[in-house]
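Structure at a glance
Here is what each chain is made of, one letter per residue.
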Amino acid sequence: QVQLVESGGGLVQPGGSLRLSCSASGRTSSIRAMAWFRQAPGKEREFVAGIRGSGGITGYADSVKGRFTISRDNAQNPVYLQMNSLKPEDTAVYYCAATYEIIVRESVMNYWGKGTLVTVSS
């Protein structure tokens, strides 16, 4: 089993920044990729960003490209999501997820955190 714990959410004004962290514990040695997803009120959960292994390969949803950055120092360190130029439409619960697969897709994620709320509002 793998446990994921997110932190770093909160209230921020439009144009501001936040950094989310996701710490993994348990049997993490077989995890091959991690990702952030989000779910806005009244909407389905959607992919935000993903990272494979120690960070050599990353991917982003079109809606966050150029504003968000997913990173980690190595496979044992937390995964971060740096969010800049935040918009009201970024308001959502952000979930960290981990998978044994190479390709990140909601249906193949094996473990999920409980989420952290990000609110972008003036």
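Details of the structure are given in the entry above.
Conventions adopted
- Residues numbered from 1 in each chain as written.
- Predicted model: local features only at pLDDT ≥ 70, side-chain atom pairs only at ≥ 80, totals over all residues.
- Heavy atoms only, no water.
- Pairing = 2+ DSSP bridges.
- Helix = DSSP H or I, 4+ residues; strand = E, 2+ residues; numbered from the N terminus.
- Axes fitted to C-alpha atoms, helices over the stretch in contact; angles between N-to-C directions.
- Core = buried A, V, L, I, M, F, W, Y, C linked by side-chain atoms within 4.5 Å.
- Buried < 20%, exposed > 50% of the residue type's maximum accessible area, 1.4 Å probe, protein only.
- Contact = heavy atoms within 4.5 Å.
- Salt bridge = Lys/Arg side-chain N within 4 Å of Asp/Glu carboxyl O.

1. Details of the sheet that holds strand 3 (residues 18-26)
On the basis of which strands lie adjacent, the open sheet formed by 4 strands has the order 1-3-8-7 and antiparallel pairing. With one partner strand each, in any of the chains shown, strand 1 (2-7) and strand 7 (68-71) form the two edges of the open sheet. Averaged over all adjacent pairs, the angle separating strand axes in this sheet is 15 degrees, with direction ignored. For strand 3 and strand 8 (residues 79-83), the ladder comprises 5 bridges, and the chain directions are antiparallel.

2. With respect to the nonpolar core
The biggest cluster of nonpolar side chains holds 28 residues, and the ones touching the most others in it are Met34, Trp36, Leu81, Met83 and Tyr94. When residues of this core are traced back to their parent elements, those giving at least two are strand 1, strand 3, strand 4 (33-39), strand 5 (46-52), strand 7, strand 8, strand 9 (92-99) and strand 11 (116-120). Broken down by element, the residue count for this core peaks at 4 residues, all from strand 9. Those residues in contact with Leu81 that sit more than four places away from it in its chain are Leu18, Arg19, Leu20, Trp36, Val48, Ala49, Phe68, Thr69, Ile70 and Tyr94.

3. Quick look at the pattern of salt bridges
Close approach of charged atoms lets side chains of opposite charge pair. One pass over the full model with this rule turns up 5 salt bridges. Two residues, Arg38 and Asp90, come together in a salt bridge whose shortest N-O distance is 2.9 Å. In this pair, Arg38 sits in strand 4 while Asp90 sits in the loop between strand 8 and strand 9, placing the two residues 52 residues apart along the sequence. Across this residue pair, the class does not change: Arg38 and Asp90 are buried. Notably, a salt bridge pairs Asp62 with Lys65, separated by 3.3 Å at the nearest N-O pair.

These values are about where atoms sit, not about what they do.
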